[in-house]
Amino acid sequence: MNSNSTDNEHLRIFINLLRNLEDKSFFVNFILSVFSIFINIFHVIILTRKSMRATSINVFMIGIAICDLCTTLTTVYRYFSLVDFEYPECITSDSLVKAYADAMSWSVQYHFKRCSSWLGILMAGVRILIMRKISNAKFSKIMKPIFGISLMAIVFGISGILTTVWQYECQVIENRTYPLSPNCAEHQDIHGVFRFSLILRPVSTVADVVILRSYFISDSIISSLIPGISFPLLAVVLIREIRKLEKSRTRAIRTLSTAENEEKYGLSTKLIGLMTVAAFLSETPLGLISIFKQFFTKGDINIRLLTDLVIYFTILATFVSILHPVLCLLMSSKYCETLRKMFGISKTLPNSVTSIHII
């Protein structure tokens, strides 16, 4: 018992430390999100140029950039609009429209984060197929933009269904007669009188509870855990494919033209590999946290800890959304060329810059 009490005390101290840093953490994420919005608007403009949208790989990258942009836009909205940034069930408002808008902001963020993860998987997977079957005419279709557009539509459609289910589970009620969840006490008076507030639809049977919990666990697995596990596995396969290609080439033809030839099929393999590693570091922890939270009751101290940790990995995910265009600028000669043409710059980039495009 003494050991358990000591452990709980240490846990409470750690949670209090995270709570003291919470406001600063949300502000940091807000600043990064604003910067991400501007850089990703510019990123989308470059990627949608005719010279860039010519392959399925680059179409996936356009989709990821749009998802990053929409996710950070909802972050900015929530920072200015929501009383509580951590729990959707803590939404309260004097306006019915605003209550629904606040609930929608959570749905939109879940939707685009899920889509971004799966588009990253598809981008890496298609890249692997291109490298392995590049000489097979049957696989030429996967290089075409229409293939990327079709898969992207499927991803957005399936994610939209999951998002709609989540939105259905949320219900705005008027003149609440019972207090808010204890989790909301940190940011507002849970016994206050609210004209409109958000609840999950009440469950009346054990079967309803099982179905609801199963949905949240399944959603966490599909949205975060599977992508988080897939990214490092795909990165390993990509590295192996790069080594195979390097062994099959002679040193005489291992030149800059080789890298440029590869880029005609989309972004370079090394660039996609770095993006998968970054996605793994940011997405997997969030997926695990979402799943673990399903096994604790609302009043459990572990719920508070897991929720407080979310903001720090969210900051990492926001940073990754900024990293995408930076990596493209540093590692894609076609991206640099498109950028120069946009600004009418005809001067060739220095050798020190273009030399890093070699795989």
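Residues numbered from 1 in each chain as written. Predicted model: local features only at pLDDT ≥ 70, side-chain atom pairs only at ≥ 80, totals over all residues. Heavy atoms only, no water.

What about the pairing of strand 3 (residues 196-200)?
With four of its five residues buried, strand 3 lies for the most part within the structure. The sheet contact formed by strand 1 (residues 92-93) and strand 3 spans two bridges and is antiparallel. Paired with Ser93 across the bridge in strand 3 is Phe196. With five bridges connecting them, strand 2 (residues 170-174) and strand 3 associate as antiparallel partners. The residue bridging Glu174 from the neighbouring strand is Phe196, located in strand 3. (Buried < 20%, exposed > 50% of the residue type's maximum accessible area, 1.4 Å probe, protein only. Helix = DSSP H or I, 4+ residues; strand = E, 2+ residues; numbered from the N terminus. Pairing = 2+ DSSP bridges.)

A look at the packing of aromatic side chains
This structure, assessed with the given rule, holds ten aromatic pairs. When the ring of Phe42 is compared with that of Phe343, the centres are 6.0 Å apart and the planes differ by 45°; the resulting orientation is tilted. With Phe42 in helix 1 (residues 2-47) and Phe343 in the loop between helix 9 (333-342) and helix 10 (351-354), this residue pair connects regions lying 301 residues apart in the sequence. Residue Phe42 is classed as partly exposed on the basis of its relative accessible area of 32%. With centroids separated by 5.6 Å and ring planes inclined at 15°, the aromatic side chains of Tyr79 and Phe85 adopt a geometry described as stacked. Cluster of aromatic residues (ring-pair linked, three or more members): Phe26, Phe27, Phe30, Tyr79, Phe80 and Phe85. Above the face of the Trp106 ring, Arg78 is positioned so that its terminal group lies 3.6 Å from the ring centre. (Phe/Tyr/Trp six-rings, centres within 6.5 Å; stacked < 30°, edge-to-face > 60°. Lys NZ or Arg CZ within 6 Å of the ring centre and 35° of its normal.)

A closer look at the state of the cysteines
By the definition in use, this model includes one disulfide. Paired through a disulfide, Cys90 and Cys184 show a sulfur-sulfur distance of 1.9 Å. Across the S-S bond linking Cys90 and Cys184, the dihedral sits near -90°, which makes this disulfide left-handed. Of the two residues, Cys90 sits in the loop between helix 2 (56-81) and strand 1 while Cys184 sits in the loop between strand 2 and strand 3, which places them 94 residues apart along the sequence. For Cys90, a relative accessible area of 2% puts it in the buried group. The exposure class of Cys184 is buried, given its relative accessible area of 0%. Its sulfur unpaired, Cys70 is 6.9 Å from the next cysteine sulfur, which belongs to Cys67. (Disulfide = S-S within 2.5 Å.)

So, a nonpolar patch on the surface
A surface patch of nonpolar side chains, about 440 Å² in accessible area, is lined by Ile41, Phe42, Ile45, Phe343 and Ile345. Phe343 sits in the exposed class, given a relative accessible area of 53%. (Patch = residues over 30% accessible without salt bridge, like charges linked within 9 Å, V, L, I, M, F, W, Y side chains within 5 Å. Areas by Shrake-Rupley, 256 points an atom, 1.4 Å probe, with all protein chains shown as cover. Salt bridge = Lys/Arg side-chain N within 4 Å of Asp/Glu carboxyl O.)

With respect to the pattern of salt bridges
All told, the structure shown has three salt bridges when counted by the stated rule. The residue Lys98 makes a salt bridge to Asp102 at a minimum N-O spacing of 2.7 Å. With Lys98 and Asp102 both in helix 3 (residues 96-132), this residue pair falls four residues apart, about one helical turn. Overall, the relative accessible area of 29% leaves Lys98 in the partly exposed class.

By themselves, these observations are geometric and do not establish any function.
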